[in-house]
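Analysis of the macromolecular model
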Amino acid sequence: MAKTISGSFIPRAEKSPSLSIGLYFGSFNPVHTGHLIIAQHALEQAKFDYVWFVISPQNPFKQKKNLLPAYERLKMVELALEGNERMMASNVEFRLPNPSYTIDTLTHLADTYKSYAFSLIMGQDNLTHFHKWKNYESILKYYSVWVYPRPGYVPGEIDSHEHIHIFEAPLLDISATYIRQKLKNGQSVRYLVPDTVFQYMTSEALYS
């Protein structure tokens, strides 16, 4: 089973100081192949020591409709990351107030792992409404943001910020919404999600 970052638990591999951690926030409803490809590209290009998949119980910009329970989504991320020692699931937001605000999670993690350097991983489409995020100025001031390209995105003024870094990654048009719709229609999503996740979703009849 993949490691899960929970509370103040620090896996043996993470006791070294000054580690660089890329935080990949999302509902992961469900986690899919596109997420893993993006995380791998970020890991290599930003030279992170680890990427943590931070599962959000409730995204303030998304409705709860069709959202699986948080622990179901955590389970699928754990399955997707099996065998990858540099990517881990994090349930840190399960213990924080909902809805989940990124700045609050960053503050909590910085207090818990004082010697770690945290950065964000996000899609370019998030930059369009980044100014609506809680305390977004503080995020840009204290944290680096690694951004992957999204189809149809038109760059804006924020893209030139010194803490915004665009990294190369495939322009993948795979979405969790598309996967859920296919499942609802009784269609296969094999190869859109890791095999372990596909088997789990099939056995549990998720989203059907």
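The structure under discussion appears in the preceding block.
The structure contained in this document is the topic of the report that follows.

Moving on to the packing of aromatic side chains. Going through the model one piece at a time under the given rule, you end up with 15 aromatic pairs. Look at Phe 130 and Tyr 136: their rings are 6.1 Å apart centre to centre, the planes differ by 80 degrees, and that puts the pair in the edge-to-face class. A residue is classified by how much of its surface remains accessible, and Tyr 136, at 23% relative accessible area, is partly exposed. Over the ring of Tyr 101 we find Lys 134, and its NZ or CZ is 5.3 Å from the ring centre.

Here we come to the pattern of salt bridges. Per the counting criterion, the structure on display carries 2 salt bridges. In this structure, Asp 104 engages Lys 134 in a salt bridge whose closest nitrogen and oxygen atoms are separated by 3.1 Å. Pair noted here: Asp 104 is in helix α3 (residues 102-112) and Lys 134 is in the loop between β5 (117-123) and α4 (136-142), with a separation of 30 residues, a long-range link. Among the ionic pairs, Arg 150 bridges to Asp 125, the shortest N-O distance being 3.6 Å.

Core analysis: the biggest nonpolar cluster contains 40 residues, and Tyr 24, Val 51, Phe 53, Met 76, Ile 121 and Met 201 have the highest contact counts within it. Contributions of two or more residues to this core are made by α1 (33-45), β3 (50-55), α2 (70-80), β4 (87-90), β6 (144-148), α5 (176-184) and α6 (195-204). With 6 residues, α2 is the single largest residue contributor to this core. Discounting chain neighbours no more than four positions away, the residues touching Met 76 are Pro 30, Val 31, Leu 68, Val 197, Tyr 200, Met 201, Leu 206 and Tyr 207. Counting residues in hydrophobic clusters, the runner-up holds 27 residues, among them Leu 19, Ile 103, Phe 118 and Leu 140.

Below, the discussion takes up α1. Counted at 1.5 Å a residue, the expected span for α1 with its 13 residues is 18 Å, and the 19 Å between its end C-alpha atoms agrees. Here α1 has its buried residues at Gly 34, His 35, Leu 36, Ile 38, Ala 39, Ala 42 and Leu 43. Those residues of α1 hidden inside the fold are in contact with β2 (20-26), β3, α2, β4, β5 and β6. One or two residues past the end of α1 sits Lys 47, with phi positive at roughly 60 degrees.

Rules and cut-offs
- Residues numbered from 1 in each chain as written.
- Predicted model: local features only at pLDDT ≥ 70, side-chain atom pairs only at ≥ 80, totals over all residues.
- Heavy atoms only, no water.
- Phe/Tyr/Trp six-rings, centres within 6.5 Å; stacked < 30°, edge-to-face > 60°.
- Buried < 20%, exposed > 50% of the residue type's maximum accessible area, 1.4 Å probe, protein only.
- Lys NZ or Arg CZ within 6 Å of the ring centre and 35° of its normal.
- Salt bridge = Lys/Arg side-chain N within 4 Å of Asp/Glu carboxyl O.
- Helix = DSSP H or I, 4+ residues; strand = E, 2+ residues; numbered from the N terminus.
- Core = buried A, V, L, I, M, F, W, Y, C linked by side-chain atoms within 4.5 Å.
- Contact = heavy atoms within 4.5 Å.
- Expected span 1.5 Å × (residues − 1).

Coordinates in, geometry out; function isn't part of it.
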